[in-house]
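Architecture and fold: a report
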Amino acid sequence: MAEKILTGIKPTGQLTLGNYIGVLKHLHKEVERGDCYYFIADLHALTLPIDPEVLRQNSIDLACFYLAAGLDPKKVTLFLQSSVSAHAELNAIMQNYLYMGELSRMTQFKDKSSKMKESAIGLGLFAYPVLMACDIVLYDASAIPVGEDQIQHVELTRDLVNRFNNRYGDILVMPKAEVRKVGARIMSLSDPTVKMSKSDPKGDIFLKDDLKTIRKKIMSAVTDSGCEVKFDQENKPGISNLLTIYAALKDISIEEAEKEFEGYRYGDFKKAVADVVCAEMEIFQNKYREILETKAYEEALREGAKRAQAIANQTLKRVKNAVGLLDIE
Ligand code: TYM
């Protein structure tokens, strides 16, 4: 059986260079090794308050981003999570096999909920990893390309698969998180000790930023004392982050990037990083605009939903059968 590769991205906030380097850029290569399922995690986007029009626009943008990153919708299954009702149905079953204790230990939940009043924390935010586990197991996916921050959720999915299969037999496929050697955690340009996330306009490079803004953000990125362009996460987090961005975009190792910049001053180094980021973003943004204009994403999502439904419904049936839900056709 062909290997199944799956990942999802939430259409919240604006996508960043972190999302691009961590996963998006590399997804088109996965078709060489198996069946690819990539989706827009729009149900997950509802776990924090979001304006309906913003969610709709973000979802369209994200579909265009996937395609602009070189995905061929005939070769990969690209879909909206909410178009495949099996996600929600399986969620209703699987929520009984993950427990309050383990869900409350999730870093992402702790981070997000710590900034909120308890009365405003939705059940969906707490149960986020249950739905994510369903996303994964529905497609029998074994390889899950993600950034570092999602490893914990995939690990919890593995726990669920173990628990479920121990009880009911060999029903679910065991997934594994796959993170990039270079670029699994791109940091903020304004504070390189925190992750680049969708919510810090100064430290983030957004995929829709114009090239001038991107260049400006890189040129004013926080660097470190000293003057050597060396990778040293602890003492030179700013330079290390820029080296990572450069190496990831050029598809070279950190060591190779360091060698290229031996003897460079910080200013010239930053200029070289900005050149590489802008060159890649220019091509990417042009494709994005073209796809948005032609609405090529609509057909891709329609076809993708049909294919995804067919696979997901099979797994759902298998699970329903395993747990004892009557199946009357
Ligand atoms: P999301 O939308 O927060 O991020 C999408 C992907 O981008 C990665 N990422 C990063 N990688 C490197 N550096 C960064 N600074 C950076 N920021 C984000 C994330 O790790 C992720 O891979 N829960 C998921 C969406 C999801 C999903 C799934 C993923 C829902 N169901 C099933 C895989 C499988 C999320 O919120 O990603």
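Residues numbered from 1 in each chain as written. Predicted model: local features only at pLDDT ≥ 70, side-chain atom pairs only at ≥ 80, totals over all residues. Heavy atoms only, no water.

1. Here we look at the overall build of the protein chain
The helix and strand inventory of the protein chain stands at 14 helices and five strands. What you see for the protein chain is a C-alpha radius of gyration of 21 Å, in line with the 20 Å of a compact globule of 329 residues. Across its three principal axes, the protein chain shows a C-alpha extent of roughly 70 × 45 × 40 Å. Counting over 329 residues, the protein chain shows a buried share of 50%. Counting only contacts in the protein chain whose residues sit at least 6 apart along the sequence, the fraction spanning at least 24 positions is 75%. Carbon and sulfur atoms provide 51% of the accessible area of the protein chain, an area that totals close to 16,000 Å². The distance from the centre of the 44 positive side-chain charges to the centre of the 47 negative ones in the protein chain is 2 Å. (Helix = DSSP H or I, 4+ residues; strand = E, 2+ residues; numbered from the N terminus. Rg over C-alpha atoms; globule rule 2.2 N^0.38 Å. Buried < 20%, exposed > 50% of the residue type's maximum accessible area, 1.4 Å probe, protein only. Contact = heavy atoms within 4.5 Å. Areas by Shrake-Rupley, 256 points an atom, 1.4 Å probe, with all protein chains shown as cover. Lys, Arg positive; Asp, Glu negative; His and termini not counted. Charge placed at Lys NZ, Arg CZ, Asp CG, Glu CD.)

2. Considerations on the pattern of salt bridges
Per the stated rule, a full pass over the model turns up 20 salt bridges. The shortest N-O distance in the salt bridge between R318 and D140 comes to 2.8 Å. Of this pair, R318 sits in helix α14 (residues 296-323) while D140 is found in the loop between α8 (128-137) and β4 (143-145), placing the two residues 178 residues apart along the sequence. With a relative accessible area of 13%, D140 lands in the buried category. For D209, the salt bridge is made with K217, and the minimal N-O distance between the two is 2.6 Å. Per residue, the accessibility class of D209 equals that of K217, and both read buried. Beyond isolated ion pairs, a larger network of salt bridges with shared partners links E3, E30, R33 and E178. (Salt bridge = Lys/Arg side-chain N within 4 Å of Asp/Glu carboxyl O.)

3. Some details on the environment of T157
Mapped onto the fold, T157 is located in helix α9 (residues 151-168). When the C-alpha positions of T157 and K176 are compared, they lie 9.0 Å apart, and in sequence the two are 19 residues distant. Not counting the four nearest positions on each side in its chain, T157 is found in contact with A133, I136, V137 and P175.

4. Notes on the packing of aromatic side chains
Throughout the structure, instances matching the rule amount to 14 aromatic pairs. In textbook terms, an aromatic cluster arises when at least three aromatic residues are bridged by ring pairs, as seen for Y20, F65, F284 and Y288. (Phe/Tyr/Trp six-rings, centres within 6.5 Å; stacked < 30°, edge-to-face > 60°.)

5. Thoughts on the state of the cysteines
Evaluation of the coordinates by the stated rule reveals zero disulfides. With no disulfide of its own, C64 has C36 as its nearest cysteine by sulfur position, at a separation of 20 Å. The exposure class assigned to C64 is buried, which follows from its relative accessible area of 0%. (Disulfide = S-S within 2.5 Å.)

6. Concerning the site of the ligand
For the ligand, the set of nearby residues contains 28 residues, the closest of which are K10, Y128, D135, D149 and I186. Y128 has a polar side-chain atom sitting 2.6 Å from a nitrogen atom of the ligand. A distance of 2.9 Å separates a nitrogen atom of the ligand from a polar backbone atom of M196. Summarising the interface, the protein chains cover 97% of the accessible area of the ligand, which totals 710 Å² for the free molecule. Secondary-structure elements contributing two or more residues to the shell around the ligand are β1 (3-9), α1 (17-22) and α8. The residue makeup of the shell around the ligand, split by class, is 13 nonpolar, nine polar and six charged. (Near = heavy atom within 4 Å. Polar contact = N/O pair within 3.5 Å; in protein donor to acceptor, adjacent residues only side chain to side chain. Nonpolar A, V, L, I, M, F, W, Y, C, P; charged D, E, K, R; others polar.)

7. Topic: the nonpolar core
Soluble globular proteins tend to bury their nonpolar side chains together. Counting residues in each nonpolar core, the largest one holds 61 residues, and the members touching the most others are L24 and Y66. Take this core: its biggest share by element is 12 residues, from helix α13 (residues 266-294). The two domains that each donate at least three residues to this core are domain 1 (3-183 + 296-323) and domain 2 (211-290). Listed in part, the 41 residues of the second largest apolar core include V84, L90, Y128 and L316. (Core = buried A, V, L, I, M, F, W, Y, C linked by side-chain atoms within 4.5 Å. Domains from an automatic or database assignment.)

8. Some words on the domain arrangement of the protein chain
Taken domain by domain, the protein chain comprises domain 1 (3-183 + 296-323) and domain 2 (211-290). Look at where the C-alpha atoms of domain 1 and domain 2 centre, and you get two points 30 Å apart. Each partner contributes residues to the interface: domain 1 has 13 residues there, and domain 2 has 14 residues. Taken together, domain 1 and domain 2 are joined by two salt bridges. Note that K25 is salt-bridged to E280, the shortest N-O span being 3.0 Å. On the surface where domain 1 and domain 2 come into contact, there are three residue pairs in polar contact (both at pLDDT 80 or more). Broken down by element, the side of domain 1 that touches domain 2 gets its largest block of residues, four residues, from helix α3 (residues 52-68). Broken down by class, the residue content of the side of domain 1 that touches domain 2 amounts to nine nonpolar, one polar and three charged.

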